[in-house]
Amino acid sequence: MNGFLALTLALALSAAGCDSGDTVTTPTPTPSPERVTETFSGTLTINGAVTFSFTTAAAGIVTATLKSLSPAGPNVGLALGTWNGVICQVVLSNDNTAVDTTVTGSVTGTGDLCVRVYDVGQLTQAVGFEVVVSRP
């Protein structure tokens, strides 16, 4: 029995000295991407549309806000979409946008996007506009 006790004690001591190699690491929080705000402006003509392209640097929320129409008049359309280098493929739109109206979307990563301001058939004269885009 003494041999069995010595073997058990030897195994217990050797197991106590072993390191499983597992280390506990605490994940480093990923900082939120810095937001970029850009202002686009132009003139919208009767039955016209104006498109601006921009790039997102990370996943997150994208907003486009119509900040001004001059002279004030009927509402216009405001849209967010994907930019393929030639056209804006509209994904989200509001066909009844007044000043201070926002269109909001979410992107899953970097990419080329666009904002589009367009006449919905209500303009009787050209109007100046300003739209603000905020993105990651």
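See the structure shown above.
Residues numbered from 1 in each chain as written. Predicted model: local features only at pLDDT ≥ 70, side-chain atom pairs only at ≥ 80, totals over all residues. Heavy atoms only, no water.

Structural notes on the environment of T65
Part 1: Position of T65 relative to the elements: it lies in strand β3 (residues 60-70).
Part 2: A sequence separation of 33 residues divides T65 from A98, and the C-alpha atoms of the two residues are 9.5 Å apart.
Part 3: Those residues in contact with T65 that lie beyond four places of it in its chain are L78, D100, T101, T102, E130, V131 and V132.
Part 4: There is a polar contact of 2.8 Å between the side chain of T65 and the side chain of T102. (Helix = DSSP H or I, 4+ residues; strand = E, 2+ residues; numbered from the N terminus. Contact = heavy atoms within 4.5 Å. Polar contact = N/O pair within 3.5 Å; in protein donor to acceptor, adjacent residues only side chain to side chain.)

Section: the sheet that holds β3
Part 1: Spatially, β1-β8-β3-β6 is the arrangement adopted by the four strands of the open sheet, whose pairing is antiparallel. The strands lining the two open edges of the sheet, one partner per strand, are β1 (36-44) and β6 (102-107). Along the sheet, successive strands turn relative to each other by an average axial angle of 20°, direction set aside.
Part 2: Here β1 pairs with strand β8 (residues 127-135) via nine bridges, running antiparallel. Counted as the bridge partner of T37 is S134 from β8. (Pairing = 2+ DSSP bridges. Axes fitted to C-alpha atoms, helices over the stretch in contact; angles between N-to-C directions.)

A closer look at the nonpolar core
A general tendency of soluble globular proteins is for nonpolar side chains to be buried together.
Part 1: Membership of the largest hydrophobic core comes to 22 residues, with the highest contact counts inside it found for L44, F54, L78, V115, F129 and V131.
Part 2: If you list the elements that add at least two residues to this core, you get β1, β2 (49-56), β3, β4 (76-83), β6, β7 (111-118) and β8.
Part 3: Those residues in contact with F54 that lie beyond four places of it in its chain are E38, F40, V62, L80, G111, D112, L113, C114, V115, V133 and R135. (Core = buried A, V, L, I, M, F, W, Y, C linked by side-chain atoms within 4.5 Å. Buried < 20%, exposed > 50% of the residue type's maximum accessible area, 1.4 Å probe, protein only.)

A few points about the state of the cysteines
Part 1: If you walk through the whole model with that rule in mind, you get one disulfide.
Part 2: Shown here is the disulfide that connects C88 with C114, its sulfur atoms set 2.0 Å apart. Across the disulfide from C88 to C114, rotation about the S-S bond amounts to roughly 85°, and the bridge is consequently right-handed. Of the two residues, C88 is situated in strand β5 (residues 88-97) and C114 in strand β7; the sequence distance between them amounts to 26 residues.
Part 3: For C88, a relative accessible area of 13% puts it in the buried group. (Disulfide = S-S within 2.5 Å.)

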